[in-house]
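Remarks on the overall topology
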Amino acid sequence: MFLAFSVLVLFFGALISGLFYRINSARFHGSIAFITSVGSLIFLTLVFFEFIQFGESFWRFSLFPWAKNFINLDLVFKANGLNLFFALFGAYVSVGINLYAIKYMTHEKEGFGRFYTFIQLFIGSYLGLVLSENLFWSYIFFELTGVCSYQLIAFWYRSELSSFSAKKAFLITHIAGYGFLLGLLLFYLSPDPKVYQDLILAGLLVAVLAKSVQWPLYTWIPYAMNAPTPVSALLHAACLVKCGVYLLFKFYFLFGGFTYFWQNLLIYLGMFSSLIGVLFALKQADVKKLLAYHTVSQIGYMVSGIGLGTSLGLAASLFHTLNHALFKGLLFLVAGVLQQATHTRDLSKMGGLASKLPKTTFLYLIGAASISGIPGFNGFVSKWMFYQAAIEANHPLAAALGLIISTLTTLSFIKVLDTAFLGNPKTEVSTLNEKPFKLMITGGALLGIPCVIFGIFPQIAIDFLINPVLSLLSLTHVGFSWYQLPTPLIGLLVFFSLGLGGLVYLAWIKPQGIVKETEVFKGGEDEKVFNPTADDFVADIETRLASFYQKADPDQYIVKFFNWIERLITKVYETINKVEKFWGRV
Amino acid sequence: MIKALTPFLSLIYLIITFSCGIFYLRDFKRKGAILACVLLLAFSNLYLLWYETPYAIWFDGLSVVAILALVYLLEYKTAFKVLSLVEGIYLVLLILGKTVFAHTPQGLALLCIAFLLKLAVFPVFLWLPIVVKTIDAITAGFFICSFELIDFVLLWRVIEEASLFPQFFLMLKELLLLIGILTLLFGAGLALCERNLKKLLAYATIDDTGYLLIGLSLFSPASLYGAIILWINHVIAKLGLFFIVYQIEKNNHPLFLGRIKGLAKYYPGLAFSFLVFALTLIGVPILPGFWGKLFLYQEVLKISKPLFGFMLLGSCLTLVYFIRAYHSLFLGAEEEEKVKSPLPKLESGLIMFLSLTIVLSFFMLSFFKGW
């Protein structure tokens with residue numbers, strides 16, 4: 001029953017926010033959303049403990065039994081390793097983001113009821129999707145997440161850009177969603193779905209490419225950044241974009257693995273998307289667009305990991321899914337603080353924020369180190385697992401590409417660090433302080449802490465969250481531990497080292513005055529030449545890769561194709577119109 | 001199945017008449033005469049819904065006279081001319097089908113052509129956009145929805161009767177399927193290019209009729225359930241959309257996409273209603289239109305994958321033209337000089353249709369249990 005409660009509590013919250021939309025208070029609606037998301041997380045945690053103790057469980061609600069002869073619409077939520085993995089991290093991230101949004105949304109003047117109705121509806125739909133056993137309901141929830149995303153991107157509906165962005169996102173994801181519908185109908189209608197495996201997977205892949213922003217259907221995500229930051233963090237970093245990854249895992253489970261062709265396709269499609277994503281990210285000066293392109297890039301690792309098809313490959317993919325939700329959510333929350341502090345998303349107009357926003361900078365460093373795969377942070381572990389899995393599966397090219405992409409990712413985040421946080425403080429931010437952003441920082445910290453914990457103790461996530469999924473997929477468990485030591489021992493060592501360091505500092509270094517307290521390091525000398533802006537990076541990269549950027553944007557080809565179709569239809573329309581006019585005259 | 005539906009359909013018909021009647025009484029001249037026409041139309045159509053007697057043809061005639069009188073009273077000359085032609089052909093086909101060729105495959109074919117003409121399917125759909133363009137949105141919604149409701153029932157009965165002639169029945173089903181697909185694609189494609197909102201809704205009606213024909217042509221329980229859901233959904237949502245157009249046109253000039261935008265600021269309720277009606281007609285979960293299309297998709301996929309592809313193409317076009325219209329009218333930066341205040345309140349009729357759509361999303365399938 002707790003399974004159903006975890007979803008229903010969010011729908012109930014959405015209903016309350018919708019009914020009381022006239023109460024124009026960010027705190028009122030924000031608190032409801034926070035409470036319902038905490039409630040959902042608690043219910044899911046209880047289910048998780050039950051799962052660890054007793055194994056799988058399910059909740060069934062028999063719907064339209066009279067129609068069972070031709071369609072089974074029973075709503076079944078199942079608690080197994082895969083479903084709980086996706087549900088738990090989604091619920092956890094939404095708690096952090098809802099906490100953050102309470103403060104963030106106070107900057108708005110209206111639309112709180114609308115915003116929180118769709119936020120809660122989205123989380124509920126996401127959980128519904130990942131917990132549903134019946135594929136029909138998976139499709140319904142899959143589409144509901146799309147509708148919520150559409151409405152949330154259009155939150156500032158009076159802006160032409162927001163309106164266009166919402167339209168683009170909805171059209172691409174909904175049309176591609178028909179691929180999933182085709183897949184599920186074929187799956188249920190065929191006596192042996194394996195006969196239609198290629199067609200089912202082709203349909204599914206189209207839906208996955210659009211929803212999980214992979215090449216060439218990722219083009220809506222940079223536009224989706226014209227939404228409030230909590231939306232970007234929750235939907236377009238943590239949850240919505242993982243729906244496709246979840247579906248790949250689900251169909252992997254349903255088919256008992258993919259064929260050699262599909263494995264190879266996923267590996268290299270994932271890596272190609274990843275490369276394109278990171279190259280486009282490099283040239284961005286808009287901090288949210290930069291993060292959006294990194295979403296394309298990071299999800300490439302997940303898709304590629306699934307393609308590897310080995311225990312370690314799938315484990316890497318799962319772990320990266322979890323990690324990405326945490327560090328990308330965190331980075332978006334940091335971007336939101338920067339945006340509210342500086343009133344811009346343009347990195348060129350930022351600078352020297354480290355001295356003004358030290359806690360935000362600290363959180364940024366955690367997020368950036370995680371996504372860049374710096375040892376000690378969660379991103380490193382999942383990327384390492386991916387490289388190892390790729391080499392073991394005889395795909396060294398994928399491993400090499402992964403490493404190159406990771407290096408480019410690091411470069412991209414050094415750029416942000418250098419231009420926004422280090423260097424000379426800009427005059428516009430001279431009076432800035434971090435106090436108003438306390439709640440937002442707390443929300444961010446909720447996502448940042450696990451980035452460090454899973455970086456140091458990856459075995460916690462692997463043992464409790466990832467290995468149960470591998471069991472479900474009939475794969476062998478994986479282990480990942482630094483120096484092959486048991487997790488508690490590593491924990492003890494880490495705390496011992498930190499304690500020892502602290503003790504040495506307090507007992508010896510501080511009294512002796514060996515370390516002098518000084519100003520924040522700003523990244524070198526203050527001369528202009530050492531203080532490059534995002535524009536400098538962008539100009540340099542754009543010049544060098546000009547022809548690549550010109551040809552690699554899939555949007556132009558998609559637009560050309562649809563323009564051609566429209567021209568064709570317009571010709572028919574004009575002919576019909578002539579006939580109509582003639583008929584009207586007669 | 002269709003007999004079991006009659007009370008429900010009658011109720012919907014009465015709701016449509018009542019809602020449109022309120023507008024006629026409130027906003028139009030010659031109230032008495034118009035009301036008499038509407039009541040006469042309701043009387044004859046309800047008779048046609050309930051009874052299949054030899055006298056029914058007289059009520060068909062009465063219905064034709066009532067609709068023509070209504071258009072004449074409202075002084076829509078072009079619409080009157082076009083409708084007279086269409087209704088004239090309809091009556092001739094009906095009389096031939098029910099008298100000279102009664103109960104023969106030829107007679108049934110004539111009746112099918114008559115009803116398909118009234119339902120404005122491919123290739124005889126051209127009259128509908130011409131009529132809709134030249135009349136007010138309330139009358140357009142009223143006659144589209146009442147035609148759709150009554151003529152679909154009559155067509156259904158003909159197809160049921162056609163099942164007595166197996167070879168003809170098989171041929172008729174195949175032909176209806178082909179016409180359905182072509183109607184759907186033509187309706188959706190033309191709606192995509194249309195800028196006049198009323199005409200766009202007329203093409204959207206043609207598009208939706210295509211789905212109904214596909215459901216009817218397959219004639220399996222699931223496809224018929226799907227068609228019924230889409231049919232009821234279409235009647236409610238389309239009338240709701242015409243009400244919205246009427247309310248906006250009352251304060252502004254005729255609605256052309258691209259000429260006016262950002263209306264959501266002034267008409268948030270209308271924007272929300274438009275979105276709900278559009279989404280249900282597109283077939284977005286979990287609105288009623290989705291359930292109907294899901295049943296149809298499933299049945300079409302069973303018989304042919306290319307046909308399923310065409311249906312998906314039609315759905316994609318529907319999505320594009322409705323979302324484009326919604327964004328073009330309601331979202332984006334508003335142009336204040338083009339919008340007149342004061343803000344109109346949501347009409348009770350519109351609220352009723354909106355509530356019906358939302359309620360049916362959850363309970364539509366439960367209703368079938370009894371049928």
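Description of the structure in this document. All figures in this text were calculated on a predicted structure; none of them were measured in a lab.

Attention shifts here to empty space enclosed by the protein. Residue and element names in this part refer to chain B. Under the counting rule described, the total for this entry stands at 9 cavities of 30 Å³ or more. A volume near 70 Å³ is recorded for the largest cavity. If you trace the largest cavity, you find it lined by N45, L48, D60, S63, Y90, K118, S146, F147, I150 and D151. Taken together, the elements giving at least two residues each to the lining of the largest cavity come down to α2 (31-50), α3 (56-73) and α7 (137-162). Ranked by the residues each element gives to the lining of the largest cavity, the list is headed by α7, at 4 residues. Considering only residue class, the lining of the largest cavity consists of 4 nonpolar, 3 polar and 3 charged.

The next thing to look at is the interface of chain B and chain A. Counting residues at the interface gives 57 residues for chain B, matched by 45 residues for chain A. Regarding the contact of chain B and chain A, the summed buried area is about 4,500 Å², with carbon and sulfur atoms giving 78% of it. Applying the counting rule to chain B against chain A returns 3 salt bridges. For R324(B), the salt bridge goes to E566(A), with nearest N and O atoms at 3.2 Å. Here chain B is connected to chain A by 12 residue pairs in polar contact (both at pLDDT 80 or more). A total of 12 residues in the side of chain B that touches chain A trace back to one element, the largest contributor, which is helix α13 (residues 305-330) of chain B. Residue classes in the side of chain B that touches chain A are distributed as 42 nonpolar, 6 polar and 9 charged.

All names here are of chain A. Taken together, the side chains of F496, L500, V504, Y505, L506, W508, I514 and V515 make up a nonpolar region of the molecular surface, amounting to roughly 810 Å² of accessible area. Tracing the chain through its elements places L500 in helix α20 (residues 487-512). The exposure class of L500 is partly exposed, given its relative accessible area of 43%.

Under the definition given, this model contains 21 salt bridges over all chains. Among the salt bridges present, the one from K199(B) reaches E194(B), with a minimum N-O distance of 3.6 Å. One exposure class covers both K199(B) and E194(B), and it is buried. Each member of the salt-bridge network shares a partner with another, and the members are E56(A), K78(A), E133(A) and K250(A).

Here the focus is the layout of surface pockets. Estimated volume of the second largest pocket: approximately 1,200 Å³. Taken together, 30 residues make up the lining of the second largest pocket; nearest its centre are L171(A), I175(A), I558(A), F562(A) and V320(B). Among the elements of the structure, α6 (160-189) and α23 (554-585) of chain A together with α13 of chain B are those that each provide at least two residues to the lining of the second largest pocket. Broken down by class, the residue content of the lining of the second largest pocket amounts to 22 nonpolar, 3 polar and 5 charged.

All names here are of chain A. Per the counting criterion, the structure on display carries 72 aromatic pairs over all chains. When the ring of F85 is compared with that of F86, the centres are 5.3 Å apart and the planes differ by 80°; the resulting orientation is edge-to-face. Relative to W156, the ring of F155 has its centre 5.9 Å away and its plane inclined at 65°; by these criteria the two rings are edge-to-face. For F155, a relative accessible area of 4% gives the class buried. Judged by relative accessible area, W156 falls into the partly exposed class, the value being 27%.

Attention now goes to the nonpolar core. Counting 380 residues, the largest nonpolar core has F86(A), W127(B), W231(B) and F330(B) as the members making the most contacts within it. For this core, the element with the highest residue contribution is helix α10 (residues 221-251) of chain B, accounting for 20 residues. Look past the residues within four positions of F330(B) in its chain and what remains in contact with it is I244(B), I248(B), G262(B), L263(B), A264(B), Y267(B), L270(B), A271(B) and F274(B).

Turning next to the side chain of K288(A). Residues and elements named next belong to chain A. As for its position among the elements, K288 is in helix α12 (residues 287-308). Despite its burial, K288 pairs with no opposite charge; the closest candidate is D286, at 7.3 Å N-O. Not counting the four nearest positions on each side in its chain, K288 is found in contact with M225, A227, P228, T229, S232, F332, A335, Q339 and R345.

Moving on, we get to the packing of helix α12 (residues 288-303) of chain B against α13(B). Residues and elements named next belong to chain B. Two elements in contact, α12 and α13, have axes separated by 6 Å at closest approach and are oriented at 150°. Judged by the angle between their axes, α12 and α13 are roughly antiparallel. Contacts from K293, L296, Y297, V300, L301 and I303 of α12 reach α13 at K305, L307, F308, M311, L312 and S315. Of the residues assigned to the contact of α12 with α13, the class counts are 9 nonpolar, 1 polar and 2 charged.

On a regular strand, one side chain projects to one face of the sheet and the next to the other, so that they alternate. All names here are of chain A. Counting buried residues along strand β2 (residues 75-79), 4 of its 5 residues qualify, which places the element largely inside the surrounding structure. Where strand β1 (residues 57-61) lies against β2, 5 bridges are found, and the strand directions are antiparallel. Bridging across to β2, S57 finds its partner in A79.

Rules used throughout
Residues numbered from 1 in each chain as written. Chains lettered and ligands numbered in written order. Predicted model: local features only at pLDDT ≥ 70, side-chain atom pairs only at ≥ 80, totals over all residues. Heavy atoms only, no water. 1 Å grid on protein atoms, 1.4 Å probe; cavity = no way out; pocket = protein on both sides within 12 Å on 5 of 7 lines; lining within 4 Å. Points joined across faces, edges and corners; volume = space filled by probe spheres on them. Helix = DSSP H or I, 4+ residues; strand = E, 2+ residues; numbered from the N terminus. Nonpolar A, V, L, I, M, F, W, Y, C, P; charged D, E, K, R; others polar. Contact = heavy atoms within 4.5 Å. Buried area = accessible area lost by both parts, 1.4 Å probe. Salt bridge = Lys/Arg side-chain N within 4 Å of Asp/Glu carboxyl O. Polar contact = N/O pair within 3.5 Å; in protein donor to acceptor, adjacent residues only side chain to side chain. Patch = residues over 30% accessible without salt bridge, like charges linked within 9 Å, V, L, I, M, F, W, Y side chains within 5 Å. Areas by Shrake-Rupley, 256 points an atom, 1.4 Å probe, with all protein chains shown as cover. Buried < 20%, exposed > 50% of the residue type's maximum accessible area, 1.4 Å probe, protein only. Phe/Tyr/Trp six-rings, centres within 6.5 Å; stacked < 30°, edge-to-face > 60°. Core = buried A, V, L, I, M, F, W, Y, C linked by side-chain atoms within 4.5 Å. Lys, Arg positive; Asp, Glu negative; His and termini not counted. Axes fitted to C-alpha atoms, helices over the stretch in contact; angles between N-to-C directions. Parallel < 35°, antiparallel > 145°, perpendicular 65-115°, else oblique. Pairing = 2+ DSSP bridges.

Keep in mind these values describe shape, not function.
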